[in-house]
Amino acid sequence: MDPFRLDGAARGQLWSVLGESVETYVRQVQALPAGRTVDQAEVRQFLAGFDFDRPMDPAAALDRVVDGLRRFQPHVSHPRHFGLFDPAPTAIGVVADALAAAFNPCLASWAGSPLGVETDGMLVDAFARVFGYPVDAADGVVTGGGSEANLNAVLLALTARFPDHRESGLPGPHARPLIYQTSGAHPSIRKAAQVTGLGAAAVREVPTDSRHRMDPRALDAMVTADRIRGGTPLLVVVTAGTTGAGLVDPIRDVAEVAGRHGLWLHTDAAWGGAGMLVPELRAEFAGVERSDSITFDPHKWMSVPLGCGLFLTRRRGLLERVFGLGVDGFVADGDDAPAPDPCTRSIRWSRSFGSLKLLLSLAVAGWSGYESALRQQVWLGERLRGGLMADGWAVVNDTRLPVVCFVDGPDEPEERHRFLRTVARGVSRSGQAKIFVATLAGRPVLRAAITNYATTAEDVDLLVELLGDVRGQALARADDDGASTTDDFQEGACSAGAEQGRLGPVRADTSAGRQVVPVFTGQPSGEVE
């Protein structure tokens, strides 16, 4: 039997096994551990079972991989995996990935996949309208994810500011182009500065306001001072939904500063941008239509399988100026393309039909289906905030998006960090849920994100109960070990007059023998453990 094509019977068996394996996983994922610790040696021992000198039966190889996937990875599709932004994928999206792999089109050129290239363009136009871009100016490309899109933003900003830099290079070090962001911005911005040759030192960290969002006045002052010192302010990055705390920078106010100083304004809405599909959340993103470019990842909050991202810009024609190359003599099929080839508008050359899973997910759910699902998750986020506060936790991030950061335990940073890590580890090792430790305003916090359409109110309530149990066990263990007294693990509680999701001033609660955790000050960070 040909090991590449296989025969009809073998292919039929594989499809049957695959379909059964996927359906079984979907049905049983809630019974699998939401969080788990995996031993590297055990994974490597498992992989050693593949001997490339001894070809395997295709069905046996598939069975083995399915077993490995169930045993050696976190189950992000679990409804109580409150982790990063990689939720359960849409069912039709999974089918789309298989279909794209079977037909295997290459979207480097229009001729390579007319349907694929036109689908990309249709979806770029659709989401450009979602973000308020003018139809006659909007442009964009499908990406593999936010890091690629953020790199595109830096490259477009450089080309807009230094049109000849592709040939003559960047100006000398005394006129270094500068990028502005908060410490809560995604690390891919700093990586983009490094790989483009600007260097990490070109990234300037802007102070934040009392809600840990970019402070436009501080940005204005920094840009003015940097220009006086001979720098070249180039780009400001606002984040619409930070990884660590779900915070949305004040886009409209930052746009005013960017406009006065001639800065390229980029909005990283990789995760939070899906909130634009919920009418009552759109005000959170006021001014996003003024962005010169936008990063958006449907593979995050829209539950499209990895990796499917979008880079949008309102500067039509600039993509070709950044990525276009003279390719006379390169392989072509002889036909004139009715549209530019994607390879002349993107850093990638060969590319798969990654947008098919977004097309089919939207075709099946529609805008209304996504609006309903996202609204439900936002409501669950509010339910989680309320449940945690009622149980004595202090919620320390202020956002309408469904990311909840909360604390309890000792005030001393290192002790609190150990305590919160113990709680997070206890939750994960229970197998019932998964949460993370993040950093906000330079201090550790517990973090839970709700981005799974399968999560229910019962799942949220179970997490609150589980956190209470694990916290109690951690406090009891600290007492038994003599490492800390009960007073060292003071429970956080919100002040009676504080709005949900915010902290009131430090005060003693003599009725409960508790002390409110103080408001965090300083800079936020997007670090997640």
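Residues numbered from 1 in each chain as written. Predicted model: local features only at pLDDT ≥ 70, side-chain atom pairs only at ≥ 80, totals over all residues. Heavy atoms only, no water.

(A) The pairing of strand 10 (residues 436-440), seen in detail. Buried residues dominate strand 10, accounting for five of its five residues. The alternating pattern of strand 10 places Phe436, Ala438 and Leu440 on one face and Val437 and Thr439 on the opposite face, and all of these are buried. The sheet contact formed by strand 10 and strand 11 (residues 443-449) spans five bridges and is antiparallel. From the neighbouring strand, valine 437 faces strand 11, where its bridge partner is leucine 446. Here strand 10 folds back onto strand 11 in antiparallel fashion, the turn holding two residues, of which alanine 441 has a positive phi close to 55°. (Buried < 20%, exposed > 50% of the residue type's maximum accessible area, 1.4 Å probe, protein only. Helix = DSSP H or I, 4+ residues; strand = E, 2+ residues; numbered from the N terminus. Pairing = 2+ DSSP bridges.)

(B) Spotlight on the packing of aromatic side chains. As enumerated under the stated definition, the model contains eight aromatic pairs in all. Aromatic pair phenylalanine 46 and phenylalanine 50: ring centres 6.2 Å apart, planes at 80°, arrangement edge-to-face. Exposure remark for phenylalanine 46: the relative accessible area of 10% places this residue in the buried category. An aromatic cluster is present here, built from Phe127, Phe131, Phe296 and Trp367 joined pairwise through their rings. Over the face of the ring belonging to phenylalanine 46 we find arginine 64, whose NZ or CZ atom lies 4.4 Å from the ring centre. A cation over a ring is seen here: lysine 434 above phenylalanine 436, with NZ or CZ 5.0 Å from the ring centre. (Phe/Tyr/Trp six-rings, centres within 6.5 Å; stacked < 30°, edge-to-face > 60°. Lys NZ or Arg CZ within 6 Å of the ring centre and 35° of its normal.)

(C) Expanded view of the environment of glycine 199. Of note, glycine 199 is situated in the loop between helix 8 (187-195) and strand 3 (203-205). Relative accessible area serves as the criterion here: at 21%, glycine 199 is assigned to the partly exposed category. For glycine 199 and leucine 178, which are 21 residues apart along the polypeptide, the C-alpha to C-alpha distance reads 9.6 Å. Leaving out residues up to four positions away in the same chain, glycine 199 has contacts with Arg176, Ala193 and Gln194. (Contact = heavy atoms within 4.5 Å.)

(D) Focus on the pairing of strand 7 (residues 309-313). With five of its five residues buried, strand 7 lies for the most part within the structure. Residues Gly309, Phe311 and Thr313 point to one face of strand 7 and Leu310 and Leu312 to the other, with burial holding for every one of them. Relative to strand 7, strand 1 (residues 139-143) is paired through five bridges, and the arrangement is antiparallel. Bridged to glycine 140 within strand 7 is leucine 312. The pairing of strand 6 (residues 293-296) with strand 7 spans four bridges and is antiparallel. Its bridge partner lying in strand 7, threonine 295 is registered against phenylalanine 311.

(E) Inspection of a nonpolar patch on the surface at higher detail. A contiguous nonpolar surface patch, about 430 Å² in accessible area, is contributed by Trp15, Leu18, Val22, Val26 and Val94. Among the elements that make up the nonpolar patch, the one with the highest residue count is helix 1 (residues 8-28) (four residues). With relative accessibility at 52%, the residue tryptophan 15 sits in the exposed group. (Patch = residues over 30% accessible without salt bridge, like charges linked within 9 Å, V, L, I, M, F, W, Y side chains within 5 Å. Areas by Shrake-Rupley, 256 points an atom, 1.4 Å probe, with all protein chains shown as cover. Salt bridge = Lys/Arg side-chain N within 4 Å of Asp/Glu carboxyl O.)

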